[in-house]
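A structural walkthrough
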Amino acid sequence: MSDRLSVFKTYKLYVGGKFPRSESGRVYEVTDAKGKWLANAPQSSRKDARDAVVAARKAFGAWSGATAYNRGQILYRIAEMLEGRREQYVREVAEAEGLSKSKAAAQVDAAIDRWVWYAGWTDKIAQVVGGGNPVAGPYFNLSSPEPTGVVVVLAPQASSFLGLVSVLAPVIATGNTAIVIASEKSPLPALSLGEVLATSDLPGGVVNILSGRTAEIAAPLASHQDVNAIDLAGADEALAKELEIAAADNLKRVLRPQPVDDADWWAAPGTDRMTAFLETKTVWHPTGSLGASGSSY
């Protein structure tokens, strides 16, 4: 028999590229599908939420100003890092969702592939939703997409990893920064994702991950004046309505929760979640004259 003591994993928040414990010092027990204790997860406070907003805002300028190609490289690097830690995530997803190892492995593989999919879109989405517009006059009229800003993402409650990646990756692929509220019941895969993000060239603050009581964390974020948008994927009907009302105070963009079940996260993602948090900038510019004849472009 081994005389070694078990070394239990300490889960922490991921805010501003660092791993703080909750400011409140609170934790809550996370159990598997059969009620067996897995770990203590930090229970975020309003102060943690405000710190996450500050970190996300600070990171927004550099991340939104990076080239789309560079953002794609970093998203692909996240997929690489996840591939290297695949077995850890298979175990955590299996425990969190009560799945067999094979089904958990399929979910993890799909999540890794989704990072690759969105990495390929970073330098292409502008061609799809932007372009030149015909106008009746001597002007160039060009529309281009720009990120909305700081986006709060309520991760899906049931799909702790594939669902999480499906709502997070499109937000940062287009140049936004994100504050993720992990699944309340199954936060461990999300908290472990922070460890991958910290070692994948993603600048600190681009993604911030909080765990705890979803309603408690989401309320101050929905009313926060420096948050630009909120994705209510992980909110039930009552909470979603409450958060929509709070978000109206500074005209946040709100993506309402869709009536999906776990199976829908396997579907081809499409571009809807990328365009949901993009603004369109349209520029008018006179064409000018080409010569004495008065002809123009």
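Structure shown above.
First, a word on scope: everything that follows refers to the structure included in this document. Because the structure is a prediction, the values reported are computed rather than measured. (Residues numbered from 1 in each chain as written. Predicted model: local features only at pLDDT ≥ 70, side-chain atom pairs only at ≥ 80, totals over all residues. Heavy atoms only, no water.)

A few points about the environment of Val 90
How we decide: Secondary structure elements are defined from DSSP: runs of H or I of at least 4 residues count as helices, runs of E of at least 2 residues count as strands, and each element is numbered from the N terminus. Burial classes follow relative accessibility: with a 1.4 Å probe on protein chains only, a residue under 20% of its type's maximum area counts as buried, one over 50% as exposed, and anything between as partly exposed. Two residues form a contact once any of their heavy atoms are found within 4.5 Å.
Checked against the element boundaries, Val 90 lands in helix H3 (residues 86-97). For Val 90, a relative accessible area of 3% puts it in the buried group. In this structure the C-alpha to C-alpha distance between Val 90 and Ala 106, which are 16 residues apart in sequence, comes to 8.5 Å. In contact with Val 90, not counting residues within four places along its chain, are Lys 101, Ala 104, Ala 105 and Val 108.

With respect to the side chain of Glu 97
We count it as follows: Contacts described as polar in this section are N or O atom pairs within 3.5 Å, which, within protein, must combine one atom able to donate a hydrogen with one able to accept it, while residues neighboring in sequence count only if both atoms come from side chains.
Mapped onto the elements, Glu 97 comes out in helix H3. Looking at Glu 97, its side chain comes within polar contact range of the side chain of Ser 160, at 2.7 Å. Discounting chain neighbours no more than four positions away, the residues touching Glu 97 are Gln 107, Ala 158, Ser 159, Ser 160 and Phe 161.

Some details on the pattern of salt bridges
How we decide: Salt bridge, as used here, is a side-chain nitrogen of Lys or Arg placed within 4 Å of a carboxyl oxygen of Asp or Glu.
What the rule picks out here adds up to 15 salt bridges. For Arg 213, the salt bridge is made with Glu 184, and the minimal N-O distance between the two is 3.5 Å. Residue Arg 213 is located in the loop between strand S7 (207-210) and helix H8 (214-222), and its partner Glu 184 is located in the loop between strand S6 (177-181) and helix H7 (188-197); the two are separated by 29 residues in the primary sequence. Residue class for Glu 184 comes out partly exposed when judged on its relative accessible area of 28%. When salt bridges with common partners are traced through the structure, they connect Arg 86, Glu 87, Lys 101 and Asp 109 into a single cluster.

A short note on the packing of H3 against helix H4 (residues 101-121)
Rules: In this description, a line fitted to the C-alpha atoms serves as the axis of each element, helices being fitted only across the stretch in contact, and the angle between N-to-C directions of two axes falls anywhere from 0 to 180 degrees. An angle below 35 degrees is treated as roughly parallel, one above 145 as roughly antiparallel, one from 65 to 115 as roughly perpendicular, and anything else as oblique. Whether a crossing is left-handed or right-handed is set by the direction in which the near helix is turned from the far one by less than a right angle, anticlockwise for left-handed and clockwise for right-handed. Note on residue classes: Ala, Val, Leu, Ile, Met, Phe, Trp, Tyr, Cys and Pro are nonpolar, Asp, Glu, Lys and Arg are charged, and everything else, Gly too, is polar.
Between H3 and H4, whose axes approach to 8 Å, the crossing angle comes to 120°. Put simply, H3 runs oblique to H4. Helix-helix and strand crossings are classified by hand; for H3 and H4 the assignment is right-handed. Every residue of H4 that contacts H3 at Arg 86, Glu 87, Tyr 89, Val 90, Val 93, Ala 94 and Glu 97 is listed here: Lys 101, Ala 104, Ala 105, Gln 107, Val 108 and Asp 109. Of the residues assigned to the contact of H3 with H4, the class counts are 7 nonpolar, 1 polar and 5 charged.

What to know about the sheet that holds strand S10 (residues 278-286)
This is how it is decided: When DSSP locates at least two bridges between a pair of strands, those strands are taken to pair.
In spatial order, the strands read S3-S4-S10; together these 3 strands make up an open sheet with antiparallel pairing. With one partner strand each, in any of the chains shown, strand S3 (131-132) and S10 form the two edges of the open sheet. Taken together, the 9 bridges between strand S4 (residues 139-147) and S10 define a ladder with antiparallel strand orientation. The residue bridging Asn 141 from the neighbouring strand is Trp 284, located in S10.

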